Amino acid sequence: MDVKIPAMLDPHVHLRGMDWSHKATFASETAAALAGGYWAVFDMPNTPPSTINPTALQRKLDEFGEQAVCDWGVYYGASMSENWRIYDAVADQTCGLKIYNNQTTGVLLIEDQAVRAQHYAAWPSHKIIAVHAEGETVRDILALVRQHGKRTHFCHISTAEEIRYLTDAKEEGLPVTLGVCPHHLYLTEDDVATLGPLGMMKPELKSKADQAALWAALEAGIVDIVESDHAPHTLEEKFSGKPTYGVPGLETTLPLLALAVHEGRLNTAHMIDLIAENPRRIWGLNAPPETYTIVDMDARYTITRDNLHTKCGWSPFEGMEVYGRVKSVVIRGQQVFDGEKVLAQPGSGHNLYG
Ligand code: DOR
Ligand code: ZN
């Protein structure tokens, strides 16, 4: 059965570009986004250069603008350099602020609660704050949300403990949302034995009990969105002996959720909420007219690296049988992906915050 999904949005991707163009480019990864069915993606700030000052922001906006084939937005990054002093001047050029509160790729870690509080106080209330917070750190951030009342999205939640904290926070009425990633839904720490470096990302793969808690929260409607955390690294880097953290996901998120629909864990309307309606609502965006994806929910196939558009050319889900083939993506009335090829010209994607 063909299903029409209006304007799919992935608000959590790392498309690289600039000084990391050997890993991936805004051209290659926005093409991967279209192949995955997405209308738009929001890029994280942990790039070299980090998106933490107006010069780096402008460089990213320029390069994105020249290359993008889907619509897009970029995050500003909180840093230890007191860059909160000019938030008012830059915020409206971005989809939100990202604060890294636990260790990951890049140099943007903020562990000092007083510094986090400065960023929370300075970021304008009408824009969202997205946080990387794991375990107990979730509670540290919830304290800031309680104090400053700023809308906060908790990225890639991966444990039963974190789900408990956020379920309580929602009951308390705090302005919080949360996302989970397909790799935490479909893989566990047991898979690292076979996947090796291809199963390494931050947050790491967790236990079967944690995985079950994520599915239960998803089914209960506590999880607001599914975000890919698309983070391509080259195979050479992955197998370098000093593995880099991150996995690609833009082209496998929809098929893995379609698999969940076939397994009876979700219904199609709920799937659409998780990857289109809820992300657009949380980031305050309307679907542009005539913007949708057609997916054949019954097409069954095996994920292989040959038919991926991402420049990294691999997936942690290779060999998995999934459902859901993207047949067409249309943006503002123009077909931009026909099920095989990207038809849009570089630079045709719109900056949603331009
Ligand atoms: O595994 C990850 N990779 N987690 C992150 O938070 C960052 C990402 C990357 O940029 O490689
Ligand atoms: Zn990320």
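A quick note: this is a predicted structure, and the numbers were derived from the prediction, not measured.

Caption draft 1: Just the site of ligand 1, in detail. Near ligand 1 there are 13 residues, and of these Arg 16, Asn 46, Thr 104, Lys 202 and Tyr 245 occur at the shortest range. Thr 105 is positioned with one of its side-chain polar atoms (N or O) 3.0 Å from an oxygen atom of ligand 1. Taking His 233, its side chain carries an N or O atom lying 3.0 Å from an oxygen atom of ligand 1. For ligand 1, the accessible surface in isolation is 290 Å², of which the surrounding protein chains cover 100%. Residues belonging to the shell around ligand 1 are distributed by class as follows: three nonpolar, seven polar and three charged.

Caption draft 2: Region of interest: the coordination of the zinc ion (ligand 2). Around the zinc ion (ligand 2), the protein contributes the donor atoms His 12 (NE2), His 14 (NE2) and Asp 229 (OD), at 2.1 Å from the metal centre. Written as a sequence motif, the donor residues of the zinc ion (ligand 2) are H-x1-H-x214-D. With His 12 in strand S2 (residues 9-13) and Asp 229 in the loop between strand S9 (225-226) and helix H10 (235-238), the pair connects residues that are 217 residues apart, well separated along the chain. Taken as a pair, His 12 and Asp 229 share a single burial class, namely buried.

Caption draft 3: Quick look at the sheet that holds strand S7 (residues 152-154). Ordered by their spatial adjacency, eight strands build an open sheet running S2-S3-S4-S5-S6-S7-S8-S9, and the pairing between neighbours is parallel. The outermost strands of the open sheet, each flanked by one partner alone, are S2 and S9. Where strand S4 (residues 71-77) lies against strand S5 (residues 96-100), three bridges are found, and the strand directions are parallel. Across the sheet, the residue bridging to Tyr 76 is Leu 97, located in S5.

Caption draft 4: Main features of the environment of Val 330. If you trace the backbone, Val 330 turns up in strand S11 (residues 321-331). Assessed through its relative accessible area of 7%, Val 330 is described here as buried. Taking the C-alpha atoms as reference points, Val 330 and Thr 293, 37 residues apart in sequence, are found 6.3 Å from one another.

Caption draft 5: Representation of the sheet that holds strand S10 (residues 292-302). Read from one edge of the open sheet, four strands run S1-S10-S11-S12, paired in antiparallel fashion. Each end of this open sheet is capped by a strand with a single partner; those strands are strand S1 (2-6) and strand S12 (334-337). Recorded for the sheet is a direction-independent mean angle of 35 degrees between the axes of neighbouring strands. Here eight bridges tie S10 to S11, and the two strands are oriented antiparallel to one another. By the bridge assignment for S11, Tyr 301 is matched with Val 322. Contacts from helix H11 (residues 253-262) reach S1, S10 and S11 within the one sheet, and its direction differs from that of S11 by about 125 degrees. Along the sheet, helix H12 (residues 268-282) contacts S1 and S10; its crossing angle with S1, the most-contacted strand, is approximately 20 degrees.

Caption draft 6: Quick look at the packing of helix H5 (residues 137-148) against helix H6 (residues 160-172). Close contact between H5 and H6 brings their axes to 10 Å; oriented N to C, the two are set at 15 degrees. Comparing their axes, H6 and H5 come out roughly parallel. Between H5 and H6 the crossing geometry is right-handed. Only Glu 162, Tyr 165, Leu 166, Ala 169 and Glu 172 of H6 make contact with H5, whose side of the interface consists of Val 138, Arg 139, Leu 142 and Arg 146. Residues belonging to the contact of H5 with H6 are distributed by class as follows: five nonpolar, no polar and four charged.

How each quantity is defined
- Throughout, residues of each chain are indexed from 1 in the direction in which the sequence is written.
- Numbering of ligands from 1 and lettering of chains from A proceed in the order in which they are written.
- Note on the predicted model: pLDDT of at least 70 is required for a residue's local features to be given, and 80 or more for side-chain atom pairs to be given and counted; whole-chain, interface and lining totals, by contrast, use all residues.
- To get the side-chain values, all heavy atoms of the structure are used, and hydrogens and water are removed first.
- Any residue with a heavy atom lying within 4 Å of a molecule or strand is counted as near it.
- Two N or O atoms count as a polar contact when they lie within 3.5 Å, although within protein this holds only if one can serve as hydrogen donor and the other as acceptor, and sequence-adjacent residues are included solely when both atoms are side-chain atoms.
- Per-residue and other accessible areas were derived by the Shrake-Rupley procedure at a 1.4 Å probe size, with only the shown protein chains allowed to occlude residues.
- When residues are sorted by character, Ala, Val, Leu, Ile, Met, Phe, Trp, Tyr, Cys and Pro go into the nonpolar class, Asp, Glu, Lys and Arg into the charged class, and all the rest, Gly among them, into the polar class.
- Metal sites are built from N, O and S donor atoms within 2.8 Å, or 3.2 Å for Na, K and Ca, and they leave out water, so they may look incomplete.
- Numbering goes from the N terminus for both helices and strands, where a helix is a DSSP run of H or I of at least four residues and a strand is a run of E of at least two.
- Only protein chains enter the area calculation, which uses a 1.4 Å probe; residues under 20% of their type maximum are buried, those over 50% are exposed, and those in between are partly exposed.
- Any two strands with at least two DSSP bridges between them are considered paired.
- Interaxial angles span 0 to 180 degrees and are taken between N-to-C directions of axes, which are lines fitted to C-alpha atoms, for helices over the stretch in contact.
- Contact criterion: two residues are considered in contact whenever any of their non-hydrogen atoms come within 4.5 Å of each other.
- Angles are sorted into four bins: roughly parallel if under 35 degrees, roughly antiparallel if over 145, roughly perpendicular if 65 to 115, and oblique for all others.
- The hand of a helix crossing depends on one turn: near helix anticlockwise from the far one by less than a right angle means left-handed, and clockwise means right-handed.

That is the geometry; function is a separate question.
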